[in-house]
Amino acid sequence: MNRTSFRAAIVPGAAALALAVTLSACGAANETGSAASGDGESSGLSGTLSGGGASSQEAAQNAWRAGFQEANPDVTVNYDPIGSGGGREQFTAGGFPFAGSDSYLTDDEGELSAAAEQCGGDPIEIPNYVSPIAVIYNVEGVDELNLSPEVIAQIFNDEITNWSDPAIAELNEGVELPDESITAVHRSDESGTTENFTNFLGTVVPDAWPHGEVGEWPIDAGEGGNGTSGVVAAVTNGTNTIGYADASQAGDLGVASVQVGDEFVAPTPEAAAKILEVSPRVEGRPDVDMAFDLDYETDEAGVYPIVLTSYLIACQTYEDQETADLVKGYLSYIVSDEGQQVAAEQAGSAPLAPSLAEEAIAIVDAISAE
Amino acid sequence: MTAVQLERPTTSRRGDAVFKALATAAAVLILVALAGVAVFLTLEGMPALQAEPGALGGKDNIVLYVWPLVFGTLLAAFLAILMAAPLSIGLALVISHYAPRRLAKPIGYLIDLLAAVPSVVYGLWGIEFLGPRLGTSYGWLEDNLGFLPFFEGPASGSGRTILTASVVLAVMALPIITAICREIFSQTPTLHQEAALALGATRWEMIRMTVFPYGRSGMISAVMLGLGRALGETMAVAMVLSATGVVTFNLISSVNPSTIAANIALGFPEASGIKVNVLIFSGLVLFLITFVVNFLGRLIAARGQIKEGR
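Cut-off values and rules
Residues numbered from 1 in each chain as written. Chains lettered and ligands numbered in written order. Predicted model: local features only at pLDDT ≥ 70, side-chain atom pairs only at ≥ 80, totals over all residues. Domains from an automatic or database assignment. Contact = placed C-beta atoms within 7 Å. Helix = DSSP H or I, 4+ residues; strand = E, 2+ residues; numbered from the N terminus. Nonpolar A, V, L, I, M, F, W, Y, C, P; charged D, E, K, R; others polar. Pairing = 2+ DSSP bridges. Buried ≥ 20, exposed ≤ 12 C-beta atoms within 10 Å, placed from the backbone. UniProt positions renumbered as here; feature names shortened; annotations may be inferred. Axes fitted to C-alpha atoms, helices over the stretch in contact; angles between N-to-C directions. Parallel < 35°, antiparallel > 145°, perpendicular 65-115°, else oblique. Left-handed = near helix turned anticlockwise from the far one by under 90°.

Next up on the list: the domain arrangement of chain A. Residue and element names in this part refer to chain A. Domain annotation of chain A identifies domain 1 (15-131 + 276-294 + 307-369) and domain 2 (133-270). Facing 13 residues of domain 1, the contacting portion of domain 2 comprises 10 residues. Contributing elements (two or more residues each) for the side of domain 1 that touches domain 2: strand 12 (307-314) and helix 11 (337-347). Class assignment for the residues of the side of domain 1 that touches domain 2 results in seven nonpolar, five polar and one charged.

Okay, structure coming up:
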């Protein structure tokens, strides 16, 4: 008797599990709709190009893949969003001909040398994806909110816990702030968004944010949300909440302007793209390496400083002609005006400034076979 | 007649041998798979013992890292079973003994249907529907029962607390427990039941005297299976629970302990190197917990049966 009842219970359970697995698998493989097509520039490319890396680029990569494959029907491009670390690992091991990474290659763990060895020359690094991280909030009756980096740090570090705190009121004259406690929402999974957000806070206001740059939320306070969608859902469904997320996902939520110098800047793609123009290059890099040390402390007018930058990593030369052509073709499309516009429309990223795009196009055009 | 008797055993013996071999192979295969998982978890988890604080989210050693997760896992599963077990047993009784047959069947099917809902859907339901609605009642709990450590607050506005996660887990465990209990209750010997009724027992007394003692070990098995589901559930908890890695009995604030399974799901996509070992080690701990819980369940069930056997 026990045996039959056992089976009766197991079968629906197993079915539920199988369904769940299928569903989540489908979600990951979901492609973002169609993109503008390259008009008639049939280049005769064919083959399969498989890269991968930073998951932050996934939405943009999907848009680029769709656009590129439409222009080149014989080409299949894959982008595996396995994470920045995995992407760099696969690239230096020769598994990916190109990779996406939220941070540039360094020699802290020998990755830069390994990549140079794999490529037989200096690797190419292009900041192809720049996206503002917005501070989103949900407070009834507050349509506009100005925050300084210090106040943001104190809110997320659980030091400012009430919306009517004088430090917030001082920045928002004429705004009726409720006397309610703040629920600060953060990512509960490890993420590049958290890394960039905490890097900004740790660089600009190290006293108010003593935890430095971390991928995993460092303190036991506030509310956690799983993924960007989880944070947005928690901020939306909660009351008197504040959180941080990719600006394109903010939806109808309130978005705070961040103090830069004497003014407050909203997280528009244009304002985010400007940070690359005011930031210095990493020293000692060759011309093909466009690695930036983001200048979070800038007080240049109109620059939104909380951004996520992601790089494309590739080689200057490839062993076989087909791979070289495919990488060159795909990367050209990404850094082209059209490619950057497609990503801006579909993923909410900031198009590269014309001078940087020009430089990137020149670098990509030089890709060749050995 | 003798010829027939001689012939039959030979044919059936071959069938016996084949069936026995198949059954044994199935049993061995399961054991090998289980052993394989255990070996993998142990080998891959061991390097975590030497992990530096950098890979442990700032905790000094692996024990301090895993302990809040173990606490959260047990707390969430315990609360879920506390809600699901009485509800399921009541539901099973309604289906097997109280409801008219015309009604009992569809109710049974509906409950089974709950088991077929994917856990992401439960997660979405918890985060978008259940959480915000429970959130308002948490404010009431904080105001009126705030003197209890469980309802200390501050109440979470979005309702994504361990209590909400437990309610979701309870709904997920419910169909499993109900299905098994229903089967067991309906197999109580009719003679026992009629005898009890003939002695003048009311329906409730009859159930207490015949159905419960008869189904006791099965009920415990059912609850254990439900508990297994609650312990190991990943997706729904990862989505619903606002996990921050503390150890607290406060059930209604937005600061909650995470569970092992949810923590693996949240940490794995961006993990590399020793961090993967740390996550696998926590998986090993969950494996052992499930093992111990099942073992205890079997022990209790076995004891109950000895009493019945007297």
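Residues and elements named next belong to chain A. Spatial ordering of the open sheet is given by 5-10-11, a layout of three strands whose pairing is mixed. The open sheet has two edge strands with one neighbour each: strand 5 (146-147) and strand 11 (263-265). Across two bridges, strand 5 lies against strand 10 (residues 257-260) in parallel orientation. Within strand 10, the position partnered with Leu 147 by the bridge is Val 258.

A few words now on unusual backbone geometry. Residues and elements named next belong to chain A. Although it is not a glycine, Asp 158 sits at a positive phi angle of roughly 65°. Of the residues examined, Asp 158 has 14 C-beta atoms within 10 Å and is grouped as partly exposed. One non-glycine residue, Asn 240, adopts positive backbone phi at about 55°. Within the secondary structure, Asn 240 is located in the loop between helix 8 (227-237) and strand 8 (241-246). Among the residues examined, Asn 240 registers 18 C-beta atoms within 10 Å and is labelled partly exposed.

Okay, the interface of chain A and chain B next. Every contact between the two is made by 41 residues of chain A and, on the other side, 45 residues of chain B. Mapped by element, the contributors of at least two residues to the side of chain A that touches chain B are helix 1 (2-29), helix 3 (84-92), strand 7 (223-225) and helix 8 of chain A. With 13 residues, helix 1 of chain A is the largest single contributor of residues to the side of chain A that touches chain B. Class assignment for the residues of the side of chain A that touches chain B results in 13 nonpolar, 23 polar and five charged.

What follows is about the UniProt feature "transmembrane region" (unreviewed entry) in chain B. According to UniProt, the feature "transmembrane region" (unreviewed entry) maps to residues 21-42, 62-95, 107-127, 162-181, 234-252 and 278-301 of chain B in the numbering used here. With 100% helix and 0% strand, the stretch residues 162-181 of chain B has end C-alpha atoms that lie 27 Å from each other.

The next thing to look at is the pairing of strand 3 (residues 98-101) of chain A. Residue and element names in this part refer to chain A. Neither face of strand 3 is exposed, since Phe 98 and Gly 100 on one face and Ala 99 and Ser 101 on the opposite face are all buried. Relative to strand 3, strand 1 (residues 47-53) runs parallel, the two sharing two bridges. Directly across from Gly 52, in strand 3, lies its bridge partner Ala 99.

All names here are of chain A. Here Pro 81 lies in the loop between strand 2 (75-80) and helix 3. In this structure, the C-alpha to C-alpha distance between Pro 81 and Ala 54, residues 27 residues apart in sequence, is 5.7 Å. Among residues more than four places away in sequence, those in contact with Pro 81 are Gly 52, Ser 55 and Glu 58.

Let's shift gears to the pairing of strand 12 of chain A. All names here are of chain A. Among the eight residues of strand 12, eight are classified as buried, and the element is accordingly described as predominantly covered. Relative to strand 12, strand 3 runs antiparallel, the two sharing four bridges. Within the sheet, the bridge partner assigned to Gly 100 lies in strand 12 and is Leu 312. Pairing geometry for strand 4 (residues 124-138) and strand 12, over seven bridges, is antiparallel. Looking across to strand 12, one finds that Ser 131 is bridged to Leu 308.

Here we take up the packing of helix 2 (residues 62-98) of chain B against helix 7 (residues 203-232) of chain B. Angle between the axes and distance between the axes: these two values describe a pair of packed helices. Residue and element names in this part refer to chain B. Contact pair helix 2 / helix 7: the axes reach a minimum separation of 9 Å and the direction vectors enclose 140°. Taken together, helix 2 and helix 7 sit at an angle that is classed as oblique. In the packing of helix 2 onto helix 7, the handedness of the crossing is right-handed. Counting all contacts with helix 2, which are made through Thr 73, Ala 76, Ala 77, Ala 80, Ile 81, Ala 84, Ala 85, Ile 89, Leu 93 and His 97, the residues of helix 7 involved are Ile 207, Met 219, Val 223, Gly 226, Leu 227, Ala 230 and Leu 231. Tallied by class, the residues present in the contact of helix 2 with helix 7 amount to 14 nonpolar, three polar and no charged.

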